[in-house]
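Okay, here's what each chain looks like letter by letter:
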Amino acid sequence: MSESASPRRTEDEADAESADADESESADAASEDGAAEPNPVRTGAQAVIAALERAGAETLFGVQGGAIMPVYDALYDSELRHVMMAHEQAAAHAADAYGIVSGTPGVCLATSGPGATNLATGLADASMDSDPMVALTGQVPTNFVGSDAFQETDTTGMTAPITKHNYFAQTADEAGPTVGEAFELAAEGRPGPTLVDLPKDVTNAQTAADPGEPATPETYNPATEADAESVAAAARTLERAEKPVILAGGGVVKGDASEELRAFAREYGIPVATSMPAVGVYPEDDELAMEMVGMHGTGYANMATTHCDVLFAIGCRFDDRLTGGVETFAPEAEVVHVDIDPAEISKNVKADVAVVGDAGTVLEQVGAEMERAPDAEAWREQCREWKAEYPMDYQTPDDEPLKPQFVVEALDEATDDDAIVTTGVGQHQMWAVQYWTFTQPRTWVSSHGLGTMGYGLPAAIGAKLAAPDQQVVAVEGDGSFLMTLQELAVAVRENLDITVAVLNNEYIGMVRQWQDAFFEGRHSASEYDWCPEFDKIAEAFGAQGFAVSDYDEVADAVEAAMAYDGPSVIDFRIDPDANVYPMVPSGGANGEFALEEGQL
Amino acid sequence: MTGGLQGPAPEERPQPTGRRNAQGERIDPEAHAEQDTRKAVVSALVEHEPGVLAKVSGLFSRRQFNIESLTVGSTTVEGHARITLVVEETDAGIDQIKKQVEKLVPVIAVGELDDDAVRAELVLLKVRGEEPDKVHAITQMYEGQTLDAGPRTITVQITGDHQKIDDAVDAFRQFGIIEIARTGQTALSRGDTPTTPGESPAASAESTVNQTDLQIQKETSDDD
Ligand SMILES: Cc1ncc(C[n+]2csc(CCOP(=O)(O)OP(=O)(O)O)c2C)c(N)n1
């Protein structure tokens, strides 16, 4: 044996072997169905597009660029709808919202380097909120990778912590199947963003490999059905509860389990509170609805979760904005935690009963196992009393400017039940969630976990493309809107019928609110009195613009904006001093929420 | 003040007396202290693909898990690797580590090893060479090997469990340690118990045999 006969196969050998295997496989397949058609030879980029089509993608959001050009070239011959965005961050948010509203992954595209870094915020956002999304990024050719080439970034390295999983396509043969897998993986189990980095030589190279049926990787097998033992333990715990609360999280939306949740809560008479991503899964005008819990949740939801004896948490991850200080979160409750992701169980709040499975399946399993309803009439009465004691209310004194809550209610009244609301981040987001009465899942589209200003308008674009027949209203803050308002150009070009309602307080208001409460009112860099006139900005982009500062103009402007066929922007000049309450200071006890600044 | 919300003020509301600790466990506020940490050996079987180690180690730094050592190497199954982690955390933390690692897509299975697991670590020690006889004696005492001996330095290798390595390092200090390289612990479960759940040691043993057979065949035909 000569020294060079190393036991390790060289890469060339391995490649040659797998190519042989591929050929013989496809030859077999061809002889089976009689049609001896070899796989078409195409570019890696064409395989990528074919894989997207095969996976069921319909709409893509992206921005062109050098390293992604082969993919765009392949897109030229495709039926897929591509929406060219003004900024990659917006492409990611639009894809994210598309995923939330439609339930199938939204797809975004960006070139290497700055294109990929611009996507990062949107990836992190989708990752925190477990939204299904696929990002395809161009990359410099493989022989340049690692050399700090023009527009090179380590995209997979940079996005590993903010994606569910990411891939680097090494060869043209791999490109198609990898994109198919990324698409499946994004939606399977606990959804999340996936990314495929596509070097330019890979997308340009020829391949005869068939992308195959898209499938998730073998190592990924989420359990949908829970084991009987944990289901029985959950049922027994709920049956003996005297003060039960259901805490529904985003997993109920993702699992399409809103119907199962409603049926379960009503059958067993259990009040329902939601996390922010779950808003809409339970109708907020229902008797048992306690609405949102947490920092700016309702007083009654916070009282109910603080005093319950059994907390049936479904698909929620106990974010700190929801729990407040964990020491005082549902401190006397036995926690029954249902989640499809085992790693969420006991991550922040210890589960007394852990149930791993899909929200809808588990609700049906537990429902079938329940022998009786909990004896909770006195508790339901208590919850009703809390609703009467802490109503969500506001005043509209004549001598003070327009209140934001009034604007939100006016928008809610003027729209259908299935109208979709998207938001930026700040006070306006909280007023929108508090004063809009949500009754349908997938109608509340916001940035929860990451809290990304600038999310509202691009999300409205994604939402409208996912649900063209539903009304879409973006509730924006002046600061948030300024971050991505360039996307108005896209809304105008695509003639998207969306309404942007800017709650303009000439402040980055949420920051000002905290400065008032915790920094002695020192308004360091929170005044936005240099804001442009948003109605005129809208017009400059070719959209319809309105400016409103009085109560009696609100209804007319809303009606005109809704009637306008295309994007419109209403600049609501609201009370600059309005603040969001109730409020639990961060790390505080939910049951001690403040109703006004003096109580913080 | 632009309030509008009504209801009893915070101090006028009933408050529960219960409490949770930092791990989110319900506790008796009078009696309970926080959880203690312990050391655990976690073994992860992973797909041997580019980036997997970065994904695992990135997870540790991102989630601020206290990691003591990490070793990685191939297994008998082609395309698989084993990552062995020694961590010091609370029970809840160890549970989270296992679940978070398991969640990574290229990870096949994760297990925590029992206390009786077989563990070993390797250390290379470079010491001053003035007293070769003494160095040799200590090396023998720790069943080590001398890898390099020159007029100025002697390099030895010791393997064993963590405690033995610590003791050996201490014993070599008298000569003046110039450099040290420790691998960190690696470990396997004892007997027939699989090191990670679902892993089937027998099957991989078979596949090694087959691979060796194949290899031999290939080599023979190459010779032809
Ligand atoms: C991208 C980004 N940068 C900074 C912040 C921090 N931040 C949170 S709320 C807020 C103010 C938002 O102001 P605006 O959009 O005008 O909304 P308002 O609170 O006035 O309704 C800021 C700066 C953020 N959430 N996102």
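The preceding data block contains the structure.
Along each chain, residues carry numbers from 1 onward, in the same order as the chain's sequence is written. Each chain takes a letter, starting from A, and each ligand takes a number, starting from 1, following the order in which they are written. At least 70 in pLDDT is required for a residue's local features to be given in this predicted model, at least 80 for side-chain atom pairs to be given and counted, and no such filter applies to totals for whole chains, interfaces and linings, which use all residues. Note that the side-chain values use all heavy atoms of the structure and ignore hydrogens as well as water.

Undergrad: Please explain the overall build of chain A as it appears in this structure.
TA: In terms of helices and strands, chain A carries 23 helices and 20 strands. For the radius of gyration, the atoms used are the C-alpha atoms, and the globule rule reads 2.2 Å times the number of residues raised to 0.38. Computed over C-alpha atoms, the radius of gyration of chain A comes to 26 Å, within 12% of the 25 Å expected from 2.2 N^0.38 for 600 residues, which places it in the range of a compact globule. Principal axes of the C-alpha set define a box for chain A whose edges measure 85 × 65 × 45 Å. Exposure is judged per residue with a 1.4 Å probe applied to protein chains only, and the accessible area is read against the type maximum: over 50% gives exposed, under 20% gives buried, and values in between give partly exposed. Counting across all 600 residues of chain A, residues that qualify as buried make up 59%. Note on contacts: a residue pair qualifies if any of its non-hydrogen atoms lie within 4.5 Å across the two residues. In chain A, the share of contacts with a sequence separation of at least 24, taken over all contacts with a separation of at least 6, comes to 74%. Approximately 22500 Å² of chain A is accessible, and the part contributed by carbon and sulfur atoms is 46%. Put simply, chain A has 30 plus and 106 minus side-chain charges, and the middle of one group is 4 Å from the middle of the other. Helix numbers and strand numbers start at the N terminus; a helix is a DSSP run of H or I with at least 4 residues, a strand a run of E with at least 2. All accessible-area figures derive from a Shrake-Rupley calculation using a 1.4 Å probe, and residue coverage is judged against the displayed protein chains alone. As used throughout, the charge tally considers Lys and Arg to be positive and Asp and Glu to be negative, leaving His and the chain termini uncounted. Working definition for charges: the position is that of NZ of Lys, CZ of Arg, CG of Asp or CD of Glu.

Undergrad: Before we go on, may I ask you to explain the sheet that holds strand β7 (residues 193–199) of chain A in this structure?
TA: One key point about sheets: their strands pair by backbone hydrogen bonds, in either a parallel or an antiparallel sense. All names here are of chain A. Any two strands with at least two DSSP bridges between them are considered paired. Pairing is parallel in the open sheet, where six strands are placed in the order β3-β2-β4-β5-β7-β6. Strand pairing shows two members of the sheet lacking a second neighbour, β3 (81–84) and β6 (165–168), which therefore form its edges. The sheet shows a mean angle of 20° between the axes of neighbouring strands, taken without regard to direction. With seven bridges connecting them, strand β5 (residues 133–139) and β7 associate as parallel partners. Counterpart to Q139 in the pairing with β7 is P199. Note on geometry: axes are C-alpha line fits, over the in-contact stretch for helices, and angles between N-to-C directions span 0 to 180 degrees.

Undergrad: What is the right way to read the interface of chain B and chain A from this model?
TA: Accessible area lost upon the coming together of the parts serves often as the stated size of an interface. Each partner contributes residues to the interface: chain B has 42 residues there, and chain A has 59 residues. Counting the surface lost from both chain B and chain A, the interface buries some 4000 Å², and carbon and sulfur atoms represent 53% of this. The largest contributions to the chain B side of the interface with chain A come from L5, R20 and V105 of chain B, which together make up 19% of the buried area. Salt bridges, as used here, are contacts in which a Lys or Arg side-chain nitrogen is within 4 Å of a carboxyl oxygen on Asp or Glu. Counting the contacts that link chain B with chain A gives two salt bridges. The partner of K103 of chain B in a salt bridge is D341 of chain A, and the shortest N-O contact between them spans 2.7 Å. Polar contact is the term for a pair of N or O atoms within 3.5 Å; when the atoms are in protein, one must be able to donate a hydrogen and the other to accept it, and sequence-neighboring residues count only if both atoms are side-chain atoms. Taken together, the connections running from chain B to chain A amount to 19 residue pairs in polar contact (both at pLDDT 80 or more). When two parts are brought into contact, each loses some accessible area as probed by a 1.4 Å sphere; the total of that loss over both is the buried area.

Undergrad: Even after reading the chapter, I still don't get the sheet that holds strand β14 (residues 353–356) of chain A, so can you show me in this structure?
TA: Residues and elements named next belong to chain A. A sheet is described by the order of its strands in space; here six strands give the open sequence β11-β10-β9-β12-β13-β14, paired in parallel fashion. What marks the edges here is a single partner per strand, and that holds for β11 (289–292) and β14. For this sheet the average axis-to-axis angle between neighbouring strands, irrespective of direction, equals 15°. Pairing of strand β13 (residues 334–339) with β14, which is carried by four bridges, proceeds in the parallel orientation.

Undergrad: Sorry if this is basic, but what is going on with the nonpolar core here?
TA: What tends to happen in soluble globular proteins is that the nonpolar side chains get buried as a cluster. Ranked by size, the top nonpolar core spans 70 residues in total, and within it L247, L311, F318 and F572 of chain A carry the most contacts. Core analysis: the second largest hydrophobic core is formed by 52 residues, Y98, A463, L465 and V569 of chain A among them. Here, nonpolar core refers to any group of buried Ala, Val, Leu, Ile, Met, Phe, Trp, Tyr and Cys residues whose side-chain atoms link them within 4.5 Å.

Undergrad: Sorry, what's going on with the site of the ligand here?
TA: Residue and element names in this part refer to chain A. We call a residue near a given molecule or strand whenever any one of its heavy atoms falls within 4 Å of it. Neighbouring residues of the ligand: 17 residues in total, closest Q427, D478, G479, S480 and G509. Within the backbone of M453, an N or O atom sits 3.3 Å from a nitrogen atom of the ligand. When the ligand sits alone it has 580 Å² of accessible area, and the protein chains cover 76% of it. Going through the elements one at a time, α17 (427–435), α19 (478–484) and α21 (509–518) are the ones with two or more residues in the shell around the ligand. In terms of residues, the shell around the ligand owes the most to one element, α19, which gives four residues. Gly is placed with the polar residues, together with every amino acid not listed as nonpolar (Ala, Val, Leu, Ile, Met, Phe, Trp, Tyr, Cys and Pro) or charged (Asp, Glu, Lys and Arg). Taken together, the residues of the shell around the ligand sort by class into seven nonpolar, nine polar and one charged.

Undergrad: Would you mind going over the packing of helix α11 (residues 258–268) of chain A against helix α14 (residues 359–369) of chain A with me for this structure?
TA: Packed helices, taken two at a time, are described by the angle between their axes plus the distance between the axes. Residue and element names in this part refer to chain A. At a minimum axis distance of 9 Å, the contact between α11 and α14 shows a crossing angle of 25°. Relative to α14, the element α11 lies roughly parallel. Of the two possible hands of crossing, α11 and α14 adopt the one that is left-handed. Residue-level contacts link E260, L261, F264 and Y268 of α11 to G360, L363, E364, V366 and G367 of α14. Grouping the constituent residues of the contact of α11 with α14 by class yields five nonpolar, two polar and two charged. For classification purposes, angles smaller than 35 degrees are called roughly parallel, those larger than 145 roughly antiparallel, those between 65 and 115 roughly perpendicular, and all remaining angles oblique. Each crossing gets its hand from how the near helix is turned against the far one by less than a right angle, where anticlockwise is left-handed and clockwise is right-handed.

Undergrad: Got a minute to help me understand the environment of G477 of chain A in this structure?
TA: Residue and element names in this part refer to chain A. If you trace the backbone, G477 turns up in strand β17 (residues 472–477). Assessed through its relative accessible area of 5%, G477 is described here as buried. Other than its neighbours up to four places away in sequence, G477 contacts H428, V502 and L503.

Undergrad: Could you clarify how one ought to interpret unusual backbone geometry in this entry?
TA: Most peptide bonds adopt trans geometry, and most residues besides glycine take a negative phi value. With an omega of 0°, the peptide bond running from Y581 of chain A to P582 of chain A counts as cis. Relative to the elements of secondary structure, P582 of chain A occurs in the segment after β20 (568–573). The phi angle at N495 of chain A is positive, at roughly 50°, despite the residue not being glycine. Locating N495 of chain A in the fold gives a position in the loop between α20 (488–493) and β18 (498–504). Exposure remark for N495 of chain A: the relative accessible area of 43% places this residue in the partly exposed category. The residue E143 of chain B is not glycine, and still its phi comes out positive at about 55°.

Undergrad: Mind showing me how you'd approach the packing of helix α4 (residues 88–102) of chain A against helix α18 (residues 456–466) of chain A here?
TA: Residue and element names in this part refer to chain A. Here α4 crosses α18 at 40°, and the two axes come no closer than 7 Å. When the axis of α4 is compared with that of α18, the two are oblique. The two elements α4 and α18 cross, and the hand of that crossing is right-handed. Across the interface between the two elements, A90, H93, A94, A97, Y98, V101 and S102 from α4 touch P458, A459, G462, A463, L465 and A466 from α18. Of the residues in the contact of α4 with α18, the class split is 10 nonpolar, three polar and no charged.

Undergrad: Would you take a moment to explain a nonpolar patch on the surface for this structure?
TA: A cluster of nonpolar residues, F518, F519 and L600 of chain A, forms a patch on the protein surface that exposes about 280 Å² of accessible area. Tracing the chain through its elements places L600 of chain A in the segment after β20. For patch detection, residues must exceed 30% relative accessible area and be free of salt bridges, and they are connected within 9 Å for like charges or within 5 Å for nonpolar side chains (Val, Leu, Ile, Met, Phe, Trp, Tyr).

Undergrad: Is there a simple way to explain the pattern of salt bridges in this structure?
TA: A side chain with one charge may pair with a side chain of the opposite charge, provided their charged atoms come close. Taken as a whole, this structure holds 39 salt bridges over all chains when the rule is applied. The salt bridge involving R54 of chain A is made with E213 of chain A; its shortest N-O contact spans 3.6 Å. Taken as a pair, R54 of chain A in helix α2 (residues 44–55) and E213 of chain A in the loop between β8 (206–207) and α9 (228–239) lie far apart in primary sequence, 159 residues in all. Judged by its relative accessible area of 37%, R54 of chain A falls in the partly exposed class. Its relative accessible area of 62% is what places E213 of chain A among the exposed residues. Three or more residues are tied together by salt bridges with common partners; here these are R190, D341, E344 and K347 of chain A together with K103 of chain B.

Undergrad: I would appreciate a short explanation of helix α4 (residues 162–172) of chain B in the present structure.
TA: Since the α-helix turns once every 3.6 residues, residues separated by three or four places project in the same direction. Residues and elements named next belong to chain B. What α4 keeps buried is the set I165, A168, V169, A171 and F172. Taken end-on, α4 shows its buried residues confined to a sector of 160°, consistent with a single buried face. Elements in contact with the buried residues of α4: β7 (118–128), α3 (132–141), β9 (153–160) and β10 (177–182). Picture the helix axis, draw a direction to every C-beta atom, and the arc is the one those directions span.

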